[in-house]
Amino acid sequence: MRRERKNWLVLSVSLSVVLGVGTRVYAQSLTWLGTLGGDWSEAYGVSADGAVVVGLADNASGQEHAFRWTAAGGMQNLGTLGGDHSWASGVSADGSVVVGWAHNASGYTRAFRWTPSGGMEDLNLTYASLLTNGSYLEIASAISPDGRYIVGQGWNAATGRGEAFLLDTWRIGDTNGDGCIDDSDLLAVLFAFGTPGTGSTRHEDINKDGIVDDADLLIVLFNFGSGC
């Protein structure tokens, strides 16, 4: 009985160390993010590891601007599309891609995507070829963890009404989202050949028919070199 109690005591102590019971391993924290020089701010999105936060904040002139916050850089003003206001509503898992809406120079609300290298871009200009007969993307509200898919609200001229949208931002044949259809995409399809999963869960299934096969390989070959 004594030996059993001793073993149980050792096990309990071991579990306490592993789980952090009675230790400071899992310390909680609260961080105030500040503003852009104005009186208030609101956060609407956060990266998978909590290192990047996005939202909107007042600047010194009282204008609401989208922001991206990191512990190292603080609150960064993402600007607008030529107007006075902007709003960041979503961020990719690694914190590198931000989406939201902003006013353009004409005062219209338009969906945007922001990246460190490209800054803020109007999705209506970047993907103009997908928009016909006066359709436009007004608000980008969320982005998939890998930065590929953007959802939001816009105007569908074909139906004459406001509708939710799903935008696939990757080029056809691009399996890694780098914008270039090259050897890496070809190899990705070859290594994944025969595996199941749609394009949302397995990027190598380019035509989203549920399996990586000859059809996907041909798509890469036909588009090889595009965007490079």
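Structural notes, computed from the coordinates. What you see is a predicted model; the values in this text were computed from it and never measured.

1. A few points about the environment of Ala 140
As for its placement among the helices and strands, Ala 140 is situated in strand 9 (residues 136-143). Sequence separation between Ala 140 and Leu 123 is 17 residues; the distance between their C-alpha atoms is 8.9 Å. When neighbours within four sequence positions are excluded, Ala 140 is seen to be in contact with Ser 89, Val 99, Gly 100, Ala 111, Phe 112, Leu 123, Ile 150, Val 151, Gly 152 and Phe 165.

2. Some details on the pattern of salt bridges
Evaluation of the coordinates by the stated rule reveals five salt bridges. The partner of Lys 208 in a salt bridge is Asp 168, with the nearest N and O atoms 3.5 Å apart. Separated by 40 residues along the polypeptide, Lys 208 in the loop between helix 3 (183-191) and helix 4 (214-222) and Asp 168 in strand 11 (residues 161-168) bring together distant segments of the chain. Glu 204 serves as the salt-bridge partner of Arg 202, at 3.4 Å between the closest nitrogen and oxygen. Overall, the relative accessible area of 29% leaves Arg 202 in the partly exposed class. In this structure, a network of salt bridges that share partners links the residues Arg 148, Asp 168 and Lys 208.

3. Remarks on helix 4
Residues separated by three or four positions in an α-helix point in the same direction, a consequence of the helix having 3.6 residues per turn. Inspection of helix 4 places Asp 216, Leu 217, Ile 219 and Val 220 among the buried residues, and these make up the whole buried set. Down the axis of helix 4, the buried set is contained in an arc of 155°. They therefore lie on one face. Facing away from the buried side of helix 4, by more than 90 degrees, are the exposed residues Asp 214 and Phe 222. Where helix 4 begins, the capping side chain belongs to Asp 213, and its oxygen is found 3.2 Å from the backbone nitrogen of Ala 215.

Cut-offs used in this document
- What you see as residue numbers is a count from 1 along each chain, following the sequence as written.
- The model is predicted, so local features are restricted to residues of pLDDT at least 70 and side-chain atom pairs to those at 80 or more, both for listing and for counting; the totals for chains, interfaces and linings are taken over all residues.
- For side-chain calculations, the full set of non-hydrogen atoms in the structure is used, while hydrogens and water are omitted.
- Where helices and strands are cited, they refer to DSSP runs of H or I of at least four residues and of E of at least two residues respectively, numbered from the N terminus.
- Residue contacts are counted whenever heavy atoms from the two residues lie within 4.5 Å of one another.
- Here a salt bridge means any side-chain nitrogen of Lys or Arg lying within 4 Å of a carboxyl oxygen belonging to Asp or Glu.
- Summary of the burial criterion: residues with accessible area below 20% of their type's maximum are buried, those above 50% are exposed, and those between are partly exposed, where the area comes from a 1.4 Å probe applied to protein chains only.
- Think of it as the arc spanned by the lines of direction from the helix axis to the C-beta atoms.
- Contacts described as polar in this section are N or O atom pairs within 3.5 Å, which, within protein, must combine one atom able to donate a hydrogen with one able to accept it, while residues neighboring in sequence count only if both atoms come from side chains.

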